[in-house]
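Take a look at the letters that make up each chain.
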Amino acid sequence: MKTLITLLLAALLTAGCASRREHPLQIYDFGIAAPPASASGASVFVTEVRAADWLDTTEMFYRLAYRDPRVLSPYADSRWAGTPAAMLTVRLRQSVGNGSVVRNPQAKCALGLSLAEFSQVFAAGNASRAVLHAQATLVENVAAGRQLSREFRLERPTSTADAAGGAGAFSEIAAALSEELRAWIADLGFCAP
């Protein structure tokens, strides 16, 4: 009986060790936002970023373009801290909008963003880039107001061909997207307070 109990305990212990992850799960976000380079001079509320259904997850996706660019694969041991849309909403509210999660009735414009692509693309086993494609829509907050749209396509090479490199490149893309949106809004001029 003791031998049977010992064997059972040994089997359970072995099974417990085998089920542990070889690598700990890594959780990434865009890092701490730097303050905007200059005040935007615009009164903009950033709505919740929308995303394609396949992006409604915290999985970090990559594509092996040299095999089949149509196949999306998730990293096994790496995740985003939130969905890409949620993380971009927070970042854009900090850097483009007024930082508010509630729409101020005095806001002159509303900025919406629809995310179509957000993945790390490998051209080769050791070379990758982060890719973001999005459609921005700026709506003037008055009856019969103007509405303008613009497509944004940003890519950044990764420093390493892994999830950490992808996270770093997407952090750069989030900052670059913020600056491009701020410049676009400033050029249009109709969101000034």
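All residue numbers here refer to positions counted from 1 along the written sequence of the relevant chain. Restriction of local features to residues with pLDDT of at least 70 applies here, the model being predicted, together with a cutoff of 80 or more for giving and counting side-chain atom pairs; totals for whole chains, interfaces and linings are based on all residues. Side-chain descriptors were evaluated using all non-hydrogen atoms of the structure, hydrogens and water having been removed beforehand.

Novice: I tried to follow empty space enclosed by the protein on my own but got confused; where do I start?
Specialist: Gaps left between atoms show up when a probe the size of a water molecule is rolled over them. Cavities and pockets are found on a 1 Å grid laid over the protein atoms alone: a cavity is a set of points where a 1.4 Å probe fits but cannot escape, a pocket is an open set with protein on both sides within 12 Å along at least five of seven lines, and a lining residue has an atom within 4 Å of such a point. Grid points are joined across faces, edges and corners, and a volume is the space filled by probe spheres set on the points. Scanning the entire structure with this criterion turns up one cavity of 30 Å³ or more. Roughly 40 Å³ of internal volume is contained in the largest cavity. Lining of the largest cavity is provided by M60, F61, W80, F118, S119, Q120, G166 and F170. For helices the rule is a DSSP run of H or I covering at least 4 residues; for strands it is a run of E covering at least 2, with both sets numbered from the N terminus onward. Residue assignment for the lining of the largest cavity shows that the elements contributing at least two residues are β4 (59-64), β6 (109-124) and α3 (163-188). The element contributing the most residues to the lining of the largest cavity is β6, with three residues.

Novice: What is the right way to look at α3 in this model?
Specialist: What sets the pattern is the α-helix's 3.6 residues per turn: residues three or four places apart point alike. Working rule for helices: expected span equals 1.5 Å times residues minus one. With 26 residues, α3 should cover 38 Å at 1.5 Å per step; its first-to-last C-alpha distance of 37 Å lies within 8% of that length. The positive-phi residue at the C-terminal boundary of α3 is G189, with phi of around 80°.

Novice: Help me understand the pattern of salt bridges in this model?
Specialist: Two side chains with opposite charge may pair up if their charged atoms get near one another. We count a salt bridge whenever a side-chain nitrogen from Lys or Arg sits within 4 Å of a carboxyl oxygen from Asp or Glu. What the rule picks out here adds up to seven salt bridges. Residue D68 pairs with R70 through a salt bridge whose shortest N-O separation is 2.9 Å. For R70, a relative accessible area of 69% corresponds to the exposed category. A salt bridge links E140 to R146, with the shortest nitrogen-to-oxygen separation between them at 3.1 Å. A residue is classified by how much of its surface remains accessible, and R146, at 45% relative accessible area, is partly exposed. Working definition: with a 1.4 Å probe on protein chains only, accessible area under 20% of the residue-type maximum means buried, over 50% means exposed, and in between means partly exposed.

Novice: I keep staring at the side chain of E117 and nothing clicks. Help me out?
Specialist: By secondary structure assignment, the location of E117 is in strand β6. According to the relative accessible area criterion, E117 is buried, its value standing at 12%. For this analysis, a polar contact is any N or O atom pair within 3.5 Å, provided that within protein one partner can donate a hydrogen and the other can accept it, and provided that sequence-adjacent residues contribute only side-chain to side-chain pairs. For E117, the side chain forms a polar contact with the side chain of S119, separated by 2.3 Å. Whether two residues touch is decided by their heavy atoms; if any such pair falls within 4.5 Å, the residues are in contact. If sequence neighbours within four positions are ignored, E117 has contacts with W54, L55, R63, V131, L132 and H133.

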